[in-house]
Amino acid sequence: MEDLQQLYRQCRPDIYRYLLLLTRSPAAAEDLTQEVFLTALQKLPAFRGASTPRTWLIGIARNHYRSWRRAQKLHLPLEDAPLHAPAFGPGYEDWQLVLERMNALPETSREVVRLRAAGFSYAEIGEVVGKSEAAARVLFFRAKQMLKEGTDYDQ
């Protein structure tokens, strides 16, 4: 039980930050974070150790987010202004352009960008999306290039 408390203290900020990026709602992110750790507590005996505990928790978080989104019948397109997006005014057009380019990315690449923005390592990202660490780096690099230049993405 003490190990789970330590895991909670270490991983909670990362899980919350990741869910906040996805939900764009502090309240929803907090609720989902609590659900993630409740699920982890229930499924701890089944944890095989095939991944790091942090990566395992991100997988649970991603599943809870998807369930939450379906339950809410909420489809959060990236066109909606996320946290800290500029309102109409200076920089708004640039922000809209980035969001349009983000929408052009394949789902896996968008997930890699979200995880990297939440502070996860390439190794952890690779585990979450089912790719190698090197593949996660390449996906992030290509996604970043497309966001900068607006070039077509070839997967």
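Residues numbered from 1 in each chain as written. Predicted model: local features only at pLDDT ≥ 70, side-chain atom pairs only at ≥ 80, totals over all residues. Heavy atoms only, no water.

Let us look at helix α6 (residues 122–129). Along an α-helix, residues three or four apart share an orientation, since each turn contains 3.6 residues. Of all eight residues making up α6, six are buried, and the element is well covered by its neighbours. Among the residues making up α6, those that are buried are Y122, E124, I125, G126, V128 and V129. Those residues of α6 that are buried are in contact with α3 (53–72), α5 (107–117) and α7 (133–149). Two residues or fewer past α6, G130 is found with a positive phi of approximately 75°. (Buried < 20%, exposed > 50% of the residue type's maximum accessible area, 1.4 Å probe, protein only. Helix = DSSP H or I, 4+ residues; strand = E, 2+ residues; numbered from the N terminus. Contact = heavy atoms within 4.5 Å.)

All right, on to the packing of aromatic side chains then. In this structure the tally under the stated criterion is five aromatic pairs. Relative to F120, the ring of Y18 has its centre 6.3 Å away and its plane inclined at 85°; by these criteria the two rings are edge-to-face. Taken together, the residues span a long stretch of sequence, with Y18 in helix α1 (residues 2–23) and F120 in the loop between α5 and α6 at a distance of 102 residues. Judged by relative accessible area, which is 0%, Y18 ranks as buried. A residue is classified by how much of its surface remains accessible, and F120, at 2% relative accessible area, is buried. Measuring from ring centre to ring centre gives 4.7 Å for F47 and W56, while their planes differ by 40°; the resulting arrangement is tilted. (Phe/Tyr/Trp six-rings, centres within 6.5 Å; stacked < 30°, edge-to-face > 60°.)

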